[in-house]
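# Descriptive structure summary
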Amino acid sequence: YHYFREMYSNYPIAESNQIAYAITEDSNAGFQFFSHALKGSKLISAGENSNVLSCLEQTTSGDILAIVDGAAFGAMIESCLEYINIQANQRITLWMPESFEYFILQSGILPSKELEDILASPWNYVEAKEFESWERFFTQLLISLAKNTPFQYSKQTLNPSYLQDKIVRKIAAEFPAAIKCRMESGQD
C-alpha cells in the first residue's frame, strides 16, 4: 500500500457515506484532530491498529469511516476487508492515509523547499535502520520542522494551533473528496 490515500468501501460510492461513526486507531493527536474536524460524527478511538476490527464489529448501526495509518496497518488489512465486505446493512469505508503527520507536512503550514523534496520522494530519505516505519519518519520530520514554531508537534497532545479553522481546512485539503465533502457540507 504505497499510495498515500488508499480508501476501501463496501459500497461503490464512498462519497455518500453519512459517517455516523468515525473510528481511528489513534488515541492522541490524530484523534484530537479528527474529533474537531469530523464534528458531526461520533468518534471512537480503537487505541491501536489491532483493535480496529473489534471496534468495527461492536459498532452495529450507522455508516462508519475507519481511519488507520496505512504505514502501520498492513498486517490487519485482510481481516478488516473481509469483515467490511460481508456487511450488507452498514456502509463502512476504510481510509488508510500514510499517516496523520504526513497530512500535516503535506498541508503547507510548515513551508520548506527541503520538505517539498522529501514529500516528493520519501523513499530517498527514509533510512530503514533508523525508522521502522514511514509513520515514524514523518512524525520525527514534523517534530523537527515544527520545533520552536507555533506548530510545535507532539503525538501525545495536539497543539491547539492545529485546531484553528483555517489550519484544519489546510490539512483537510489533502483528504480524499469522499471525506472532504462530508466536512465541507457540515454533515461531517
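The following refers to the structure shown. (Residues numbered from 1 in each chain as written. Predicted model: local features only at pLDDT ≥ 70, side-chain atom pairs only at ≥ 80, totals over all residues. Heavy atoms only, no water.)

### Topic: the overall build of the protein
Note the cut-off: Strands are runs of DSSP state E lasting at least 2 residues, helices are runs of H or I lasting at least 4, and numbering of each runs from the N terminus. Each residue is assigned to one of three classes by its accessible area relative to the maximum for its type, calculated with a 1.4 Å probe on protein chains only: buried under 20%, partly exposed between the two thresholds, exposed over 50%. We call two residues in contact whenever any of their non-hydrogen atoms come within 4.5 Å of each other. Accessibility throughout is a Shrake-Rupley quantity obtained with a 1.4 Å probe, and a residue counts as covered only by protein chains that appear here.
Within the protein, the regular secondary structure consists of eight helices and five strands. Moving toward the C terminus, one meets the helices and strands of the protein in the order β-β-α-β-α-β-α-β-α-α-α-α-α. Looking at the protein as a whole, 51% of its 188 residues qualify as buried. In the protein, 68% of the contacts between residues at least 6 apart in sequence involve partners at least 24 apart. Element-wise, carbon and sulfur atoms account for 48% of the exposed surface of the protein, whose accessible area totals about 9300 Å².

### So, the pairing of strand 2 (residues 21-24)
As a reminder of what qualifies: By definition, two strands form a pair when at least two bridges between them are found by DSSP. A clockwise path from the first strand over the helix to the second, with the strands pointing away from the viewer, defines a right-handed crossover.
Where strand 2 lies against strand 3 (residues 42-45), four bridges are found, and the strand directions are parallel. Note that in strand 3 the partner of T24 across the bridge is S45. Taken together, strand 2, helix 1 (residues 29-37) and strand 3 constitute a β-α-β crossover, and its handedness is right-handed. Of the strand pairs in this sheet, strand 2 and strand 4 (residues 64-67) are connected by four bridges, and their pairing is parallel. Directly across from A22, in strand 4, lies its bridge partner L65.

### A few points about the pattern of salt bridges
Basically, it comes down to this: Any Lys or Arg side-chain nitrogen located within 4 Å of an Asp or Glu carboxyl oxygen qualifies as a salt bridge.
All told, the structure shown has four salt bridges when counted by the stated rule. The partner of K113 in a salt bridge is D117, and the shortest N-O contact between them spans 2.9 Å. Placement of the pair is K113 and D117 together in helix 5 (residues 113-120), with a separation of four residues, close to one helical turn. Judged by its relative accessible area of 31%, D117 is partly exposed. Where E135 meets K155, a salt bridge forms, and the shortest distance between an N and an O atom there is 3.3 Å. Taken together, the residues E135 in helix 6 (residues 134-146) and K155 in the loop between helix 6 and helix 7 (165-172) connect sequence positions 20 residues apart. For K155, a relative accessible area of 27% puts it in the partly exposed group. Overlapping salt bridges bring together E101, E135 and K155 as one network.

### Topic: helix 1
Worth spelling out the cut-off: Directions from the helix axis toward the C-beta atoms define the arc.
If you check which residues of helix 1 are buried, you get A29, G30, F33, F34 and A37. Buried residues along helix 1 cover an arc of 125° about the axis, so they all sit on one side.

### Digging into the pairing of strand 4
Burial of strand 4 is two-sided: the residues I64 and A66 facing one way and the residues L65 and I67 facing the other way are all buried. Both strand 4 and strand 5 (residues 92-97) contribute to a ladder of four bridges, which runs parallel. Residue pairing in the sheet places I67 in a bridge with W95 of strand 5.

### Here's the deal with the packing of aromatic side chains
For clarity, the cut-off: Pairing of aromatic rings covers Phe, Tyr and Trp, the last through its six-membered ring, and needs centres within 6.5 Å; plane angles under 30 degrees mean stacked, over 60 mean edge-to-face, and all others mean tilted.
Taken as a whole and assessed by the stated rule, the structure comprises 16 aromatic pairs. With a centroid separation of 5.1 Å and an interplanar angle of 80°, the aromatic rings of F103 and F175 are classed as edge-to-face. Taken as a pair, F103 in helix 4 (residues 100-106) and F175 in the loop between helix 7 and helix 8 (177-184) lie far apart in primary sequence, 72 residues in all. The pair formed by F103 and F175 is uniform in burial state, with each residue classed as buried. In textbook terms, an aromatic cluster arises when at least three aromatic residues are bridged by ring pairs, as seen for F33, F34, W95, F100, Y102, F103, F131, W134, F137, F138 and F175.

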